[in-house]
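Coordinates in review
This is what each chain is made of:
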Amino acid sequence: MKLQREFYNRSALIVAQELIGKKLVHGDTAGIIIETEAYLGELDAAAHSYKGRTARTEIQFGAGGFAYVYQIYGKNFCFNVVANLENIPEAVLIRALEPTDGVELMKIRRNKNNLRDLCSGPGKLAQALSITKNLNGADLCGGEIFIEEAGINPRVKTTKRIGIDYAGDAANYLWRFIFDSGSERISKSGVEEKVI
């Protein structure tokens with residue numbers, strides 16, 4: 001069953017945790033979400049929307065359940081889920097997937113044969129699922145790209161987020177969530193994990 005708007009119209013902290021074990025689907029490819037990070041807008045110095053509304057972050061100021069896709073390092077895309085209610089600009093970064101559908105197509109797109117390397121990071125999973133800036137603003141309650149139930153009830157670990165040392169105290173918030181399955185497809189961080 002596809003997740004509905006009500007799922008997304010909550011705090012990014014709740015959405016990020018509850019997305020673990022759900023299935024992200026785009027076209028003929030899909031995977032189980034095994035790693036996320038929450039970004040709490042104007043309360044969070046690590047969030048793109050921390051300094052307010054810009055052309056880049058406009059989508060985050062709408063209702064939850066839309067895609068926020070941005071480019072890093074001039075080539076890699078990152079896929080985020082907009083969370084919370086209108087004018088509360090929060091988002092959840094999808095950091096890693098366990099590939100389930102269209103694995104051979106993912107290998108071609110990534111030019112990799114190693115399953116470990118297909119979706120073990122935000123740029124990798126975006127490439128594997130052919131997620132580009134064209135999907136920025138896509139309705140996740142529609143049919144082009146969406147998230148659905150997968151019948152999994154995971155145990156979840158929490159850690160500090162990755163790559164946000166610039167964010168002061170916010171760099172220490174335990175707002176990264178990981179499927180505690182022992183999967184090798186989690187992006188590597190070296191930070192301490194705690195079971196919640």
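How each quantity is defined
- Residues numbered from 1 in each chain as written.
- Predicted model: local features only at pLDDT ≥ 70, side-chain atom pairs only at ≥ 80, totals over all residues.
- Heavy atoms only, no water.
- Buried < 20%, exposed > 50% of the residue type's maximum accessible area, 1.4 Å probe, protein only.
- Helix = DSSP H or I, 4+ residues; strand = E, 2+ residues; numbered from the N terminus.
- Pairing = 2+ DSSP bridges.
- Core = buried A, V, L, I, M, F, W, Y, C linked by side-chain atoms within 4.5 Å.
- Contact = heavy atoms within 4.5 Å.
- Phe/Tyr/Trp six-rings, centres within 6.5 Å; stacked < 30°, edge-to-face > 60°.
- Lys NZ or Arg CZ within 6 Å of the ring centre and 35° of its normal.

Section: the pairing of strand E1 (residues 23–26)
Burial along E1 is two-sided: Lys23 and Val25 and Leu24 and His26, pointing in opposite directions, are all buried. Relative to strand E2 (residues 29–39), E1 runs antiparallel, the two sharing 4 bridges. From the neighbouring strand, Val25 faces E2, where its bridge partner is Ala30. Counting the residues in the hairpin turn of E1 and E2 gives 2 residues, including Gly27, whose phi is positive at 65°. Of the pairings in the sheet, the one linking E1 to strand E6 (residues 145–148) comprises 4 bridges and is antiparallel in character. Each residue of the ladder has a partner; that of Leu24, found in E6, is Ile147.

Details of the nonpolar core
Counting residues in hydrophobic clusters, the biggest one holds 41 residues, and the most contacted among them are Leu19, Leu24, Phe79, Val81, Ile94 and Ile131. Not counting residues up to four positions away in its chain, the partners in contact with Phe79 are Leu24, Ala67, Tyr68, Val69, Val92, Leu93, Ile94, Ile131, Leu140 and Ile145.

Some words on the side chain of Asn80
Tracing the backbone shows Asn80 in strand E4 (residues 76–83). Residue class for Asn80 comes out buried when judged on its relative accessible area of 3%. Filtering out sequence-adjacent residues up to four positions away, Asn80 remains in contact with Phe66, Ala67, Tyr68, Tyr70, Ala91, Val92 and Leu93.

Digging into unusual backbone geometry
With a phi angle near 75°, Asn84 is a residue other than glycine that sits in the positive phi range. Assignment of secondary structure puts Asn84 in the loop between E4 and strand E5 (90–101). With relative accessibility at 10%, the residue Asn84 sits in the buried group. In this structure, Asn111 takes a positive phi of about 55° despite not being glycine. One can find Asn111 in the loop between helix H3 (103–110) and helix H4 (122–128).

Considerations on the packing of aromatic side chains
Per the counting criterion, the structure on display carries 3 aromatic pairs. Ring centres of Phe7 and Tyr8 lie 5.3 Å apart, and the angle between their planes is 80°; on these two criteria the pair is classed as edge-to-face. Residue classification places Phe7 among the buried residues on the basis of a relative accessible area of 12%. A residue is classified by how much of its surface remains accessible, and Tyr8, at 0% relative accessible area, is buried. A centroid spacing of 5.3 Å and a plane angle of 40° characterise the contact between Tyr68 and Tyr70, whose relative ring orientation is tilted. For the pair shown, Tyr68 and Tyr70 are each scored as buried. Directly above the aromatic system of Phe7 lies the positively charged group of Arg10, at a separation of 4.8 Å from the ring centroid.

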